[in-house]
Amino acid sequence: MAKLEELPAEAVQLEWDTPLFRTAQRQFEQAIPYADVNESIVERLRYPERAVVVTVPIRRDAGHVGVFPAYRVQHSSVLGPTKGGIRYDPHVTLGECAALAVWMTWKCALLRLPYGGAKGGVRCNPRELSPGELQRLTRRYTSELRGVIGPQEDIPAPDMATNEQTMAWIMDTYSMQVGYAVPEIVTGKPVALGGSLFRHEATGAGVVMVTERACRRLGWRLDEQSCVVQGFGNVGGIAANELAAKGAVVLAVSDISGGVYAPDGLNLADVRAWIADHGTLEGYPDARYVTNSELLELPCDILVLAALEDQITALNASRLDTKLVVEGANGPTSIEADAILAERGILVLPDVLTNAGGVTVSYFEWVQDLGRLFWTRDEIRARLADKLGDAFDRVWELADEKAISLRQAALVAGINEVAGALKARGIYP
Ligand code: NAD
């Protein structure tokens, strides 16, 4: 665990005051002048409702005990239970979870899902933990959160370095504690446990549904565009496949080891087979190696960001060689970069809209679990396309009407939904 004196000063002044939380707050402040909201409501929505900090001890394979800091932040329960992913990453902090929880609130509200935002995570290096250690970490973290999560309180889902298996362990731990099976405690779990068909593909497929809709509005054909995708995990890997399936050319993809670039287009099946055999993209022979920062500056029509936050900043925004930035990841573009891209006429499809496919199908999963009645894959895909299409059109039209960016419009639309509900409910007591 990092020592207090090693933390940046601002991280201890106000518990969640980190650069990412400040980005989320500044975006909120920039949206407020265009939203239908009074100052009392703004003041309430500035801060998360609840934040839980725990330390999670696990028995390491070598025999000793390791202790990991872990968090769960719930931003707003005005519209319903809170909802959000759990990530395992060395950079997880309370402020990062708070920023991601805030974005989840606007995202759920924009999609008109009856949820507020949450986010959690464990500060660890998941690549250094064995499957057994990951299981013990997940089960103990779930136990520590027992009082704050629940199917009507707060429903976790996968995020960076967590997956269906992680969700299965959470579901089992929670179910063992209450004494009966509770599939609706998490989403993104295996289909065998009440998971939804198409949940695994939902975020990446949704990214491409939104991109396709944007292309239509811009008068472009998706099958004439060249694309670069940063991140080849759940979101980026599926998005790259969907782009290729729709006829776009994927020139480059990357993972934590770096990127591979083929000016005439990559053979994605080959790339995937290489990763299956070697673990990462490193050493892939049939393309040119590029670093992750070089990858972002490759010439392309569409740049999909699907790795992590803070990738496009004031340092590289002026060097991007693309027409459209698509935010599959959360918070990949800094406030300063947003301004530079706007000035350069590069359109940004914002995260709260673009990667909302995941939480939307998570909502479908929760509804199916509560009703114990399951839908077909085609039904889910069609319902997702409807939800994202409706949100996209509302955002596009609001941006047009108020002459604001798509990001501002997406936030304003989300804020208006939450503010309307909070105004009607009032501040308790
Ligand atoms: P993942 O762990 O499956 O994939 C992450 C990818 O990014 C991997 O290819 C990894 O190697 C790469 N990566 C990690 N660190 C990197 C670095 N420093 N530089 C370059 N690449 C790096 O995670 P995911 O679920 O695909 O999530 C990716 C992003 O999408 C995150 O910001 C997450 O919050 C967001 N998101 C995910 C979902 C979902 O349903 N999975 C939903 C909404 C948003």
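So, here is what we can say about the structure in this document. (Residues numbered from 1 in each chain as written. Predicted model: local features only at pLDDT ≥ 70, side-chain atom pairs only at ≥ 80, totals over all residues. Heavy atoms only, no water.)

Our focus in this paragraph is the pairing of strand 5 (residues 154-158). Within strand 5, four of the five residues are buried, which leaves it mostly tucked inside the rest of the structure. Pairing geometry for strand 3 (residues 82-89) and strand 5, over five bridges, is parallel. Each residue of the ladder has a partner; that of G85, found in strand 5, is A157. (Buried < 20%, exposed > 50% of the residue type's maximum accessible area, 1.4 Å probe, protein only. Helix = DSSP H or I, 4+ residues; strand = E, 2+ residues; numbered from the N terminus. Pairing = 2+ DSSP bridges.)

The next subject is helix 5 (residues 131-144). For helix 5, with 14 residues, the first-to-last C-alpha span of 20 Å sits near the 20 Å given by 1.5 Å per residue. Turning to helix 5, its buried residues are E133, L134, L137, T138, Y141 and T142. What you see down the axis of helix 5 is that its buried residues fit within an arc of 165°, all on one side. Those residues of helix 5 that are buried are in contact with strand 1 (50-59), strand 2 (65-74), strand 3, strand 4 (116-123) and helix 6 (164-178). (Expected span 1.5 Å × (residues − 1). Arc of directions from axis to C-beta. Contact = heavy atoms within 4.5 Å.)

All right, on to the sheet that holds strand 5 then. Across the sheet, which stays open at both edges, the five strands sit in the order 1-2-4-3-5 with mixed pairing between neighbours. The sheet terminates laterally at strand 1 and strand 5, the two strands that pair on one side only. If you compare each strand with its neighbour and ignore which way they point, the axes differ by 25° on average. The pairing of strand 1 with strand 2 spans 10 bridges and is classified as antiparallel. Paired with V53 across the strands is Y71, a residue of strand 2. (Axes fitted to C-alpha atoms, helices over the stretch in contact; angles between N-to-C directions.)

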